[in-house]
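Structural description and commentary
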Amino acid sequence: AKVCEQVIGAAEATEGNKVVLRCDFGVDGKVAKAVTAAYGKKVKDKAILMVSADIDADRYMVVAFAPKGVDVDCKAWVAASTEGTGGKGGGKKDSAQFTVPGVASIDSVLEKARIF
């Protein structure tokens, strides 16, 4: 629930139709799905890309989600952001998820996500 509040708060404070943030809840697809579901109920006009690290396992996940009517291709966004990292994953236009080895590349992924 705390992660959901953080994500929704970030969206409310962001201009434009894309939100990029890091919030570490490990590499757990179920948590990611719960966060994007809660986000989709509250925020209707902005797509989100989240990076969540599991420092001990030295890997992280990149998750993107777009509410209906927001014209952002999540799969392309995640793919472009994680390019060159060795990350693997997939998705559709409205949601995508990649897992990436090595937490050292997180900052460059966040940077690429912001300029997408």
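Here the structure is shown first, and the text comes after it.
Now for a description of the structure that goes with this document. (Residues numbered from 1 in each chain as written. Predicted model: local features only at pLDDT ≥ 70, side-chain atom pairs only at ≥ 80, totals over all residues. Heavy atoms only, no water.)

**Some points on the pattern of salt bridges**
Put simply, the rule reads: We count a salt bridge whenever a side-chain nitrogen from Lys or Arg sits within 4 Å of a carboxyl oxygen from Asp or Glu. Relative accessibility under 20% of the residue-type maximum defines a buried residue, over 50% an exposed one, and the middle range a partly exposed one, all with a 1.4 Å probe and only protein chains included.
Under the counting rule described, the total for this entry stands at two salt bridges. With a closest N to O distance of 2.9 Å, Arg22 and Asp24 form a salt bridge. Here Arg22 falls in the partly exposed class, since its relative accessible area comes to 34%.

**Brief notes about the pairing of strand S1 (residues 18-22)**
For the record, the criterion: In this scheme, strands are said to pair when DSSP sees at least two bridges between them. Strands here mean DSSP runs of E at least two residues long; helices mean DSSP runs of H or I at least four residues long; both are numbered from the N terminus. Crossover handedness is defined by viewing with both strands directed away from the observer: a clockwise path from the first strand over the helix to the second marks the crossover as right-handed.
Summarising the sheet, S1 and strand S2 (residues 47-54) pair through five bridges and their orientation is parallel. Of the residues in S2, the one forming a bridge with Val19 is Ile48. Taken together, S1, helix H2 (residues 29-42) and S2 form a β-α-β motif whose crossover is right-handed.

**A closer look at the environment of Gln97**
Along the chain, Gln97 falls in strand S5 (residues 95-101). We classify Gln97 as partly exposed; its relative accessible area is 33%. Residues Gln97 and Phe65 lie 32 residues apart in sequence; the distance between their C-alpha atoms is 8.9 Å.

**Some remarks on the sheet that holds strand S4 (residues 88-91)**
Spelled out, the test is: In this analysis, axes come from line fits to C-alpha atoms, helices being fitted only over the stretch in contact, and the angle between any two N-to-C directions falls in the range 0 to 180 degrees. Whether two residues are in contact is decided by their heavy atoms, any of which lying within 4.5 Å being enough.
Pairing within the open sheet is mixed, and its five strands lie in the order S1-S2-S3-S5-S4. Since the sheet does not close on itself, it has two edges, and those belong to S1 and S4, each with one partner. Shown here is a sheet whose adjacent strand axes are inclined to one another by a mean of 10 degrees, direction ignored. Sheet strands touched by helix H1 (residues 2-12): S1 and S2. Its angle to S1, the strand with the most contacts, is close to 140 degrees.

**Some points on the nonpolar core**
Our working definition: To form a nonpolar core, buried Ala, Val, Leu, Ile, Met, Phe, Trp, Tyr and Cys residues must be joined to one another through side-chain atoms within 4.5 Å.
Counting residues in hydrophobic clusters, the biggest one holds 21 residues, and the most contacted among them are Leu49, Val51, Tyr60, Val62, Trp77 and Val78. For this core, the secondary-structure elements that each account for two or more residues are S2, strand S3 (59-65), helix H3 (74-81), S5 and helix H4 (106-115). With residues near it in sequence (within four places) discarded, Val51 still touches Leu21, Arg22, Cys23, Asp24, Tyr60, Met61, Val62, Ile106, Val109 and Leu110. Listed in part, the 18 residues of the second largest apolar core include Ala11, Ala32, Val35 and Ile48.

**Quick notes on the packing of H1 against H2**
To be explicit about the condition: When an angle is under 35 degrees it counts as roughly parallel; over 145 it counts as roughly antiparallel; between 65 and 115 it counts as roughly perpendicular; any other value is oblique. Helix crossings fall into two classes, left-handed where the near helix is turned counterclockwise from the far one by less than a right angle and right-handed where it is turned clockwise. Under the scheme applied, nonpolar residues are Ala, Val, Leu, Ile, Met, Phe, Trp, Tyr, Cys and Pro; charged residues are Asp, Glu, Lys and Arg; polar residues are all the others, including Gly.
Where H1 meets H2, the axes come as close as 9 Å, and the angle between the chain directions of the two elements is 45 degrees. Overall, the two elements H1 and H2 adopt an arrangement that is oblique. With respect to the hand of their crossing, H1 and H2 are arranged in right-handed fashion. Listed contacts from H2 to Val3, Cys4, Val7, Ile8 and Ala11 of H1 are Ala34, Val35, Ala38, Tyr39 and Lys42. Classifying every residue of the contact of H1 with H2 by side-chain character gives nine nonpolar, no polar and one charged.

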